[in-house]
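Read off the chains here:
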Amino acid sequence: MEEKIKELRAQIDEMTCKATRMEELKDIRFKFLSKSGSIPALMKQLGSVPKEERPAVGKLINEFKTWATELFDEQEKLFAQKALQLRYAAEAVDVTMPAKKHKAGHMHPVTLVRNELIDAFTGMGFTVFEGPEIEDDFHNFTALNVSADHPARDRQDTFYITDDILLRTQTSTGQIRAMETLKPPFKIVSPGRVFRCDDDGTHAPMFHQMEGMVIDKNLSLCDLQGLLDTLAKTVFDKDTKTRFRPSYFPFTEPSVEVDVTCCECHGKGCSLCKGTGWIEILGAGVMNRNVIKNCGLDPDEWTGLAFGTGLDRVAMLKYGVNNIHLLYDGDVRILDQFRK
Ligand code: DAH
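The notes below deal with the structure included here. Along each chain, the written sequence defines residue order, and numbers are assigned to residues from 1. Given that this is a predicted model, residues contribute local features only at a pLDDT of at least 70 and side-chain atom pairs are listed and counted only at 80 or more, while totals for whole chains, interfaces and linings are drawn from all residues. Excluded from the side-chain calculations are hydrogens and water; all other atoms, namely the structure's heavy atoms, are used.

Further remarks concern the overall build of the chain. Broken down by element type, the chain carries twelve helices and nine strands. Taken over C-alpha atoms, the radius of gyration is set against a globule rule of 2.2 Å times the number of residues to the power 0.38. Against the compact-globule benchmark of 20 Å for 340 residues, the chain has a radius of gyration of 43 Å, which places it well outside the compact range. The classification of residues rests on relative accessible area computed with a 1.4 Å probe and restricted to protein chains. Under 20% of the type maximum is buried, over 50% is exposed, and intermediate values are partly exposed. Expressed as a percentage of its 340 residues, the buried residues of the chain come to 40%. Taken as a whole, the chain presents about 19,400 Å² of accessible surface, with 54% of it coming from carbon and sulfur. Only DSSP runs of H or I with at least four residues qualify as helices, and only runs of E with at least two residues qualify as strands; both kinds are numbered from the N terminus onward. Accessible surface area values rest on a Shrake-Rupley calculation with a 1.4 Å probe, where residue burial reflects the displayed protein chains alone.

Okay, here's the thing in C-alpha cells:
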C-alpha cells in the first residue's frame with residue numbers, strides 16, 4: 001500500500017507541475033479525489049489489508065488524502081491569483097493617455113445666416129413669426145395678389161397636394177398669416193423652408209427664405225432702404241452698399257430688387273458679379289393695397305413694407321459655395337468648414 005501511495009503521490013506531483021490552466025488542475029483533483037478517484041479507491045482496498053495493519057495504513061491513506069487536498073487548494077489559489085493579475089494587466093488604463101477627440105456638432109451655414117438676420121432684426125424691434133409649410137392657395141397666392149393665371153401657380157413650379165393645398169413656395173405667406181393674427185402696428189420676420197419644382201446647380205426643390213414686413217402708418221420706400229441696408233451690412237460687412245432697382249412683384253407696389261456690392265470684389269467687378277460689381281440678394285417693396293385689404297385691414301389707414309430673401313443664396317454668396325446641393329448633401333468635409 002505504501003508503494004501505491006508513493007506512486008500516486010509522484011503522479012500528482014508531476015501532473016500538478018505540468019498543469020498550466022485551472023481546468024487542468026480541476027481535472028487532476030477529480031481524477032484523484034472524487035468519489036470514483038484513485039485516493040477513495042485506496043480506502044476501499046483497506047478491507048484486504050491484514051487487520052492489525054489496518055489502523056496504520058488507514059492513517060497513511062488519510063494523511064495522503066489531506067496532503068493532496070491541501071496541495072490542490074494551494075495550487076488553485078495560485079492559479080486564481082495569476083489569472084487575476086493577468087486580467088488586471090490586460091485591463092490596465094493609462095490615465096496619462098490624451099483623451100480621444102469628440103466632434104461636437106455645429107450650426108449649418110444656412111442656420112448661421114438665419115440667426116444673424118434674426119439677431120439684427122430682433123435688435124430693431126422685430127419679432128419672429130413662423131407660418132406653416134403646408135399652405136392653401138389663398139395664403140400662398142390669392143391673398144398675395146397673385147392673379148389666377150400667374151405662371152407661379154403653374155403645376156410645374158408648385159408642389160400641389162390637392163387642388164387647394166400645396167407646399168408653400170415662398171415665406172411671403174407669413175405676411176398674410178401675420179396680418180390675420182397680429183394687431184397693427186407690428187414688425188415681423190418669417191424665416192422658413194419653401195418648396196418649388198426646381199433642381200439645378202443654384203436651385204433645390206427645398207430651400208430657405210426669410211420674409212420681413214412692417215405694418216404701420218405712413219411708411220414709404222425710404223423707410224425700407226434703411227432696413228435693407230442694415231440687413232446687407234449684417235450679413236456681409238459694414239462697407240457693403242445697397243441699391244434699389246425697379247421691379248415687379250404682385251404683392252408690392254412699387255416693387256424693387258435689391259443689389260449689394262459684390263462680397264467678392266467689393267464693387268470692382270469679378271466673375272461672381274459678372275463684372276457688374278453688384279449682386280442681387282432680395283426682392284422688396286411697399287405692400288400692395290390689395291394685400292392689406294385681403295387681410296381685413298384698411299389700406300387708407302395702414303401701410304406696409306415687405307422684403308424677402310433667400311437664405312441659401314445669401315449663405316452661398318457669403319461662404320463662396322457654388323452649388324446649392326453642397327449645402328444639403330450632408331458631406332461633413334463641406335459642413336466642417338463652417339465650424340465657428
Ligand atoms: N416672395 C418672393 C420670392 O419668393 C420674394 C419677395 C419679393 C418677397 C418681394 C417680398 C417682396 O416680400 O416684397 O421670390
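Another aspect to go through is the site of the ligand. Residues are classed as near a molecule or strand on a simple rule: at least one heavy atom within 4 Å of it. Taken together, 15 residues surround the ligand, and among them Gln170, Ser172, Arg196, Gln209 and Glu211 come closest. Polar contacts here mean pairs of N or O atoms no more than 3.5 Å apart (in protein, one a potential hydrogen donor and the other a potential acceptor; neighbouring residues in sequence count only if both atoms are side-chain atoms). Residue Glu211 places a side-chain N or O atom 2.5 Å away from an oxygen atom belonging to the ligand. Between Ala306 and the ligand, the recorded distance is 3.3 Å, taken from a backbone N or O atom to an oxygen atom. Notes on the ligand: free accessible area 360 Å², of which the protein chains cover 88%. Those elements that provide at least two residues to the shell around the ligand are strand 5 (206–216), strand 8 (278–287) and strand 9 (303–310). The residue inventory of the shell around the ligand, partitioned by class, reads five nonpolar, eight polar and two charged. Residue classes follow a fixed rule: Ala, Val, Leu, Ile, Met, Phe, Trp, Tyr, Cys and Pro count as nonpolar, while Asp, Glu, Lys and Arg count as charged, and any other residue, Gly among them, counts as polar.

Time to look at the sheet that holds strand 9. Two strands make a pair as long as DSSP finds a minimum of two bridges between them. Ordered in space as 1-4-5-9-8-7-6, the seven strands form an open sheet in which the pairing is mixed. In the strand order of this sheet, the two ends are held by strand 1 (127–128) and strand 6 (242–249), each with one partner. The pairing of strand 1 with strand 4 (residues 186–195) spans two bridges and is classified as parallel. Bridging across to strand 4, Val128 finds its partner in Val189. We call two residues in contact whenever any of their non-hydrogen atoms come within 4.5 Å of each other. Here an axis means a line fitted to C-alpha atoms, over the contact stretch when the element is a helix, while the angle between two N-to-C directions is reported on a 0 to 180 degree scale. Each of strand 5, strand 8 and strand 9 touches helix 10 (residues 311–319); the most contacted strand, strand 9, lies at about 55 degrees to it.

Omega for the peptide link from Pro184 to Pro185 comes to 0 degrees, which places this bond in the cis form. Here Pro185 is to be found in the loop between helix 7 (173–181) and strand 4. In this model, Glu253 is joined to Pro254 through a cis peptide bond whose omega is 0 degrees. In this structure, Pro254 sits in strand 7 (residues 252–261). Its identity as a non-glycine residue notwithstanding, His266 has a phi of 55 degrees, on the positive side. Among the secondary structure elements, His266 is positioned in the loop between strand 7 and strand 8.

Turning our attention to the nonpolar core. In plain words, nonpolar cores are sets of buried Ala, Val, Leu, Ile, Met, Phe, Trp, Tyr and Cys residues tied together by side-chain atoms within 4.5 Å. Core analysis: the largest hydrophobic core is formed by 44 residues, its most contacted members being Phe121, Leu231 and Phe307. Secondary structure elements with two or more residues in this core: helix 5 (109–123), strand 4, strand 5, helix 8 (221–235), strand 7, strand 8, strand 9 and helix 10. Excluding its chain neighbours within four sequence positions, the residues that come into contact with Leu231 are Leu117, Phe121, Ile281, Leu282 and Phe307. Phe129, Ile176, Met287 and Cys295 belong to the second largest nonpolar core, which has 21 residues in total.

This part covers the pattern of salt bridges. Here a salt bridge means any side-chain nitrogen of Lys or Arg lying within 4 Å of a carboxyl oxygen belonging to Asp or Glu. Going through the model one piece at a time under the given rule, you end up with 19 salt bridges. For Lys318, the salt bridge identified is with Glu116, shortest N-O distance 2.9 Å. Of this pair, Lys318 sits in helix 10 while Glu116 sits in helix 5; the two residues are 202 residues apart in sequence, bridging distant segments of the chain. With relative accessibility at 27%, the residue Lys318 sits in the partly exposed group. Residue Glu301 is joined to Lys217 by a salt bridge in which the shortest nitrogen-to-oxygen separation is 3.4 Å. Here Lys217 lies in the loop between strand 5 and helix 8 and Glu301 lies in the loop between helix 9 (289–294) and strand 9, a separation of 84 residues in the sequence. Assessed through its relative accessible area of 42%, Lys217 is described here as partly exposed.

Let us now look at helix 5. By this rule, a helix spans an expected 1.5 Å times one less than how many residues it contains. The end-to-end C-alpha distance of helix 5 is 21 Å, a good match for the 21 Å that 15 residues give at a rise of 1.5 Å each. Among all positions in helix 5, only Pro109, Val110, Leu112, Val113, Glu116, Leu117, Ile118, Ala120 and Phe121 are buried. Gly125, located one to two residues past helix 5, shows a positive phi value of around 90 degrees.

Once that is clear, we can look at the packing of aromatic side chains. In this analysis, rings of Phe, Tyr and Trp, with Trp reduced to its six-membered ring, are considered paired at centre separations within 6.5 Å, and the interplanar angle assigns stacked below 30 degrees, edge-to-face beyond 60, and tilted for intermediate values. Per the stated rule, a full pass over the model turns up five aromatic pairs. Centre to centre, the rings of Phe121 and Phe126 are 5.0 Å apart; their planes meet at 75 degrees, and the pair counts as edge-to-face. Ring centres of Tyr319 and Phe338 lie 5.0 Å apart, and the angle between their planes is 75 degrees; this geometry places the pair in the edge-to-face category. One end of the pair, Tyr319, is in helix 10; the other, Phe338, is in the segment after helix 12 (332–335), and 19 residues separate them in sequence. Among the residues examined, Tyr319 registers a relative accessible area of 26% and is labelled partly exposed.

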